[in-house]
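Report on the structure
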Amino acid sequence: MYWLVVWTVFVTWCEAASKFPAGFQFGSATSSYQVEGAWNASDKSPSIWDVFVHEHPSAIADHSNGDVACDSYHLWKKDIALARSLGLNFYRFSIAWPRLLPEGFSNNVSKDGTTYYNNLINGLLSVGIEPVVTLYHWDLPQNLQDLGGWTNIEIVNWFQEYARVAFTLFGDRVKTWVTINEPTSFCNVGYGTGILAPGVVSPGIGEYLCAKNALLSHAKAYRLYEKEFRDKYKGQVGLTNQFVWYEAKNPGQEQNAQLARDLGELYTFPIFSNIGGWPPNIEFIIAKNSRAENYSSSRLPALTEEEINLVKGSADFFGVNYYTSRLVEEACHHEQILVWPLFGSRELGLVFSYDSTWLPRYDWIASYPPGIRRLMKSLTERYGNIEIKIFENGFGMSDPSLNDTRRVQYIRDHLEQVFLSITEDGVNVTAYTAWALIDNFEWNSGYKSRFGIVHVDYNDPKLKRTPRASAYYYADVIKKREV
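Residue positions are given per chain, counted from 1 along the sequence in the order it is written. Thresholds applied to this predicted model are a pLDDT of at least 70 for local features of residues and 80 or more for the giving and counting of side-chain atom pairs; totals over whole chains, interfaces and linings are not thresholded and use all residues. Working from all heavy atoms in the structure, the side-chain values ignore hydrogens and water.

What counts is decided by this rule: UniProt positions are given in the numbering used here, feature names are shortened, and annotations may be inferred rather than shown by experiment.
The name an unreviewed UniProt entry assigns to the protein chain is Myrosinase 1-like, from the organism Pieris macdunnoughi. Quoted verbatim from the Sequence similarities (unreviewed entry) field of UniProt, the annotation for the protein chain is "Belongs to the glycosyl hydrolase 1 family." In its Subunit (unreviewed entry) section, the UniProt entry covering the protein chain states "Homodimer."

1. Things to note about the packing of helix α8 (residues 155-170) against helix α10 (residues 206-228)
The relative placement of two packed helices is expressed as an angle between their axes plus a distance between the axes. Convention followed: Orientation is described by axes fitted as lines to C-alpha atoms, over the contacting stretch for helices, and by angles from 0 to 180 degrees between their N-to-C directions. Here a strand is any run of E in DSSP of at least two residues, a helix any run of H or I of at least four, and the numbering for each starts at the N terminus. By convention, the crossing between two helices is left-handed when the near helix turns anticlockwise from the far helix through less than a right angle, and right-handed when the turn is clockwise. Two residues form a contact once any of their heavy atoms are found within 4.5 Å.
Where α8 contacts α10, the axes come no closer than 8 Å and their chain directions differ by 35°. Read as a crossing pair, α8 and α10 show a hand that is right-handed. For the pair α8 and α10, the contacting residues are Ile155, Val156, Phe159, Gln160, Ala163, Arg164 and Phe167 in the first and Asn213, Leu216, Ser217, His218, Lys220, Ala221, Leu224, Tyr225 and Glu228 in the second.

2. Quick word on the nonpolar core
In a soluble, globular protein the nonpolar side chains are often hidden away together inside. To keep things clear, this is the line we draw: Residues belong to one nonpolar core when they are buried, are Ala, Val, Leu, Ile, Met, Phe, Trp, Tyr or Cys, and are joined through side-chain atoms within 4.5 Å. Only protein chains enter the calculation, and the probe is 1.4 Å; a residue is then buried if its accessible area is under 20% of its type maximum, exposed if over 50%, and partly exposed in between.
By size, the foremost hydrophobic cluster in this structure holds 141 residues, and its most contacted members are Trp49, Ile95, Trp97, Tyr136, Trp150, Trp177 and Val418. The element that contributes the greatest number of residues to this core is α10, accounting for 11 residues. Once residues within four sequence positions are removed from consideration, Val418 is found in contact with Phe20, Phe24, Ile372, Met376, Ile390, Val429 and Tyr432. Formed by 10 residues, the second largest nonpolar core is a distinct cluster that contains Tyr362, Phe395, Tyr410 and Ala436.

3. Here we look at a nonpolar patch on the surface
Basically, it comes down to this: In this analysis, a patch consists of residues with relative accessible area above 30% that form no salt bridge, clustered at 9 Å for like charges and at 5 Å for the nonpolar side chains Val, Leu, Ile, Met, Phe, Trp and Tyr. Using a 1.4 Å probe, accessible areas were evaluated by the Shrake-Rupley method; residue-level cover was limited to the displayed protein chains. Any Lys or Arg side-chain nitrogen found within 4 Å of a carboxyl oxygen on Asp or Glu counts as a salt bridge.
A cluster of nonpolar side chains, Ile205, Leu209 and Tyr295, forms an exposed patch at the surface whose accessible area comes to about 230 Å². Residue placement: Tyr295 occurs in the loop between α14 (280-292) and α15 (305-311). Given a relative accessible area of 38%, Tyr295 falls into the partly exposed group.

This is the structure in structure tokens:
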């Protein structure tokens, strides 16, 4: 009898030790342009993505667009039903700026746009799912782009007023706000290489103007919430960025990997470091390169003392989007420097690759689960015990099959590393988000890339949604709270 009691206690302890903490939250995500469709419904104005795909269809792998996408504008009840069937704790979606503010400015708030987002928010809450809302997921009103978009300093004020409208309309029910999604991506690739909307090719100049203005826009929205809404609504505000974990390809070159990480933290150091401002070594390198190119000042716009203080500390959590890792080495003088569009190497003289054992692989994603753990440990060691929310992690496939075993493997392996981050590294990570809830328009990959844990049949007029094996696996993880 004694040994039975001991064994029961031991088994109970093991089960408890293998479970995610009680407060840990599981969710899934989409974004407005990728799923909503209804691109010209009601009084919605064109976004930069509407214009980009219509004027440059060849920029998209299958020449498609998001005019209809998943038609979530009309099928939002189906999306909520899916989220409920999976047992999601939260659903992350974004507001389309030109749907809520058709002119881009706060003088004209769309009644239909407001109704749509109210329906979505209320519908989620009615089934016990928390709405996590992103203000900007890349679909800028085109008329603001016509004025310079993210390269115009005035966008800081435009974004603040847009945020005020959203906080006022939805803040009583939305308790987690993401101001901006992946400035690294839309600045570097939208205003640097021109691969993404708005298609501006201005490497080393436009991308850095965008970087500064996006950072200040986020900070202005954060300070607005802090001053006018926090006491009333008790919510959290932060931004989320895409991170890659970089490791040295060759022994003794850790400094190269760290340099790449520092560049990847262009939007992190100013917010979370004690001193604020741009990462000093990156600021120095860009200024040095600028002088060598005969510029009279650095291509990276300076932050004033007032701006540094505005940005420093402007986040209640650390938003992380993680998909992949890379190996780093120096470029030989005769070797063409690979400008990896998402994360840039123009300034650093580095080339990136991945290990052949990093499987599964798809397009730009090479699965390296230890990377997410090492990333979060590194961020915690550098910036302290800030709360980390993983807001995107997922794997694409060209195969529309429902039996997506490679995605199941990817999710399982990354969740294991997240669990180890909590239990062994003491990292304060409180949320995991599977990208994406449903197949959607994957930017310049169009509909060729399937990231959804739920399949969408684009040949069906009703756009039938069918859970994949990964959806059932993820639902089981959520139910049992263990991998």
